[in-house]
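Structural overview for review
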Amino acid sequence: SRQYCVAVPDLKRPLCTGQNKPVAVLARKEQTRLLVVLGQEPDSFKTAVSFCLYTGLRLGELCALKWTDIDFDNRLVAVSRTVQRLAVEGQRTRTMLLELEPKSQYSRREIPLSGPVLELLLKFPSDKEYIFGGDKPVEPRTMQNRFKKLLQAAGLPERNFHILRHTFATNCIEGGTDVK
């Protein structure tokens with residue numbers, strides 16, 4: 001198991017698990033610059049990145065998200081699946097985009113949605129099955145590549161999509177959310 005450390009201003013030492021490997025997060029100024037770009041001419045990819053920044057979903061979970069996973073009345077999103085591109089023998093192509101169970105039993109969860117996140121979704125209605133992909137899940141590599149272009153537009157260095165999850169967690173901790 002790998003260790004991740006998160007620097008939290010009010011704590012004297014970073015929060016860590018496993019090996020001592022620092023976690024990359026977007027600084028407040030970087031988040032602001034990214035949010036400015038995300039707010040300009042919204043599209044499905046910008047909405048997806050914003051949604052991830054405010055919910056902490058993993059890339060595969062975000063790509064597999066369906067409209068039926070959103071409970072607008074109770075302001076919740078249910079995480080019940082993920083998508084991954086995996087090698088498959090005996091197929092015409094060497095890999096296939098597969099919809100799978102979440103990463104672990106703890107990955108199956110419900111996440112509360114704030115008013116601004118619900119507004120994001122309400123501005124982005126669709127009659128398709130998948131929120132960000134339409135009739136099929138979004139290809140995770142496509143989402144990662146679009147994220148890199150959004151970072152570039154915000155004048156930020158190239159980062160992995162997973163930085164949004166770590167940034168969400170750090171924002172929660174800084175906001176006083178119990179780590180457990």
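Before any of the text, the structure's been laid out above.
To keep things clear, this report deals only with the structure shown in the data block. None of the values given here were measured: they were computed from a predicted structure. (Residues numbered from 1 in each chain as written. Predicted model: local features only at pLDDT ≥ 70, side-chain atom pairs only at ≥ 80, totals over all residues. Heavy atoms only, no water.)

**Structural notes on the nonpolar core**
By size, the foremost hydrophobic cluster in this structure holds 37 residues, and its most contacted members are L34, F51, L62, F132 and L164. For this core, the elements supplying multiple residues, two or more each, are α1 (28-39), α2 (44-55), α3 (59-63), β4 (76-79), α4 (115-122), α5 (140-153) and α6 (163-174). With 6 residues, the top contributor of residues to this core is α2. Ignoring any residue separated from it by four or fewer positions in sequence, one finds L34 in contact with L26, V49, F147, L150, L151, A154, L156 and L164. (Core = buried A, V, L, I, M, F, W, Y, C linked by side-chain atoms within 4.5 Å. Buried < 20%, exposed > 50% of the residue type's maximum accessible area, 1.4 Å probe, protein only. Helix = DSSP H or I, 4+ residues; strand = E, 2+ residues; numbered from the N terminus. Contact = heavy atoms within 4.5 Å.)

**As for α1**
Its 12 residues place the ends of α1 16 Å apart at the C-alpha level, agreeing with the 16 Å of an ideal helix rising 1.5 Å per residue. Those residues of α1 that fall on the buried side of the exposure criterion are E30, Q31, L34, V37 and L38. The buried residues of α1 all sit within an arc of 125° when viewed along its axis, so they share a single face. Within α1, the exposed residues directed more than 90 degrees away from the buried face are K29 and G39. For α1, the secondary structure elements touched by its buried residues are α2, α5 and α6. Two residues or fewer after α1 comes E41, characterised by a positive phi angle close to 45°. (Expected span 1.5 Å × (residues − 1). Arc of directions from axis to C-beta.)

**Concerning the state of the cysteines**
Tallying each qualifying case throughout the model produces 0 disulfides. In this structure C52 is a free cysteine whose sulfur lies 9.1 Å from that of C63, the closest cysteine sulfur available. Given the relative accessible area of 0%, C52 is considered buried. (Disulfide = S-S within 2.5 Å.)

**Structural notes on the pairing of β4**
Along β4, the buried face is formed by V77 and V79; none of L76 and A78, which line the opposite face, is buried. Linking strand β3 (residues 70-71) back to β4 in an antiparallel pair, the connection comprises 4 residues, with R75 at a positive phi of about 55°. In the sheet, β4 pairs with strand β7 (residues 109-112) via 4 bridges, with the strands oriented antiparallel. Paired with V79 across the bridge in β7 is R109. (Pairing = 2+ DSSP bridges.)

**Digging into the packing of α2 against α5**
Orientation of α2 relative to α5, taken along the N-to-C sense of each, is 90°, at an axis distance of 10 Å. Comparing their axes, α5 and α2 come out roughly perpendicular. Side by side, α2 and α5 meet where F45, K46, A48 and V49 of the first sit next to T142, M143, R146, F147 and L150 of the second. (Axes fitted to C-alpha atoms, helices over the stretch in contact; angles between N-to-C directions. Parallel < 35°, antiparallel > 145°, perpendicular 65-115°, else oblique.)

**Quick look at the pattern of salt bridges**
This structure, assessed with the given rule, holds 14 salt bridges. A salt bridge links R109 to E61, with the shortest nitrogen-to-oxygen separation between them at 2.9 Å. Taken together, the residues R109 in strand β7 and E61 in helix α3 connect sequence positions 48 residues apart. A network of salt bridges, in which partner residues are shared, links K66, D69, R81, E99 and E129. (Salt bridge = Lys/Arg side-chain N within 4 Å of Asp/Glu carboxyl O.)

**Topic: α4**
Among the residues of α4, V117, L118 and L121 are the ones counted as buried. Viewed end-on, α4 has its buried residues packed into an arc of 100°, placing them on one side of the element. Pointing more than 90 degrees away from the buried face of α4 are the exposed residues P116 and L122. As for α4, its buried residues are in contact with α2 and β3.

**Regarding the environment of T167**
For T167, the position within the fold is in helix α6. Residue classification places T167 among the buried positions, given a relative accessible area of 1%. Between the C-alpha atom of T167 and that of V25, which follows or precedes it by 142 residues, the distance is 4.7 Å. In this structure T167 touches V25, L26, Q31 and L53, once residues within four positions along its chain are discounted.

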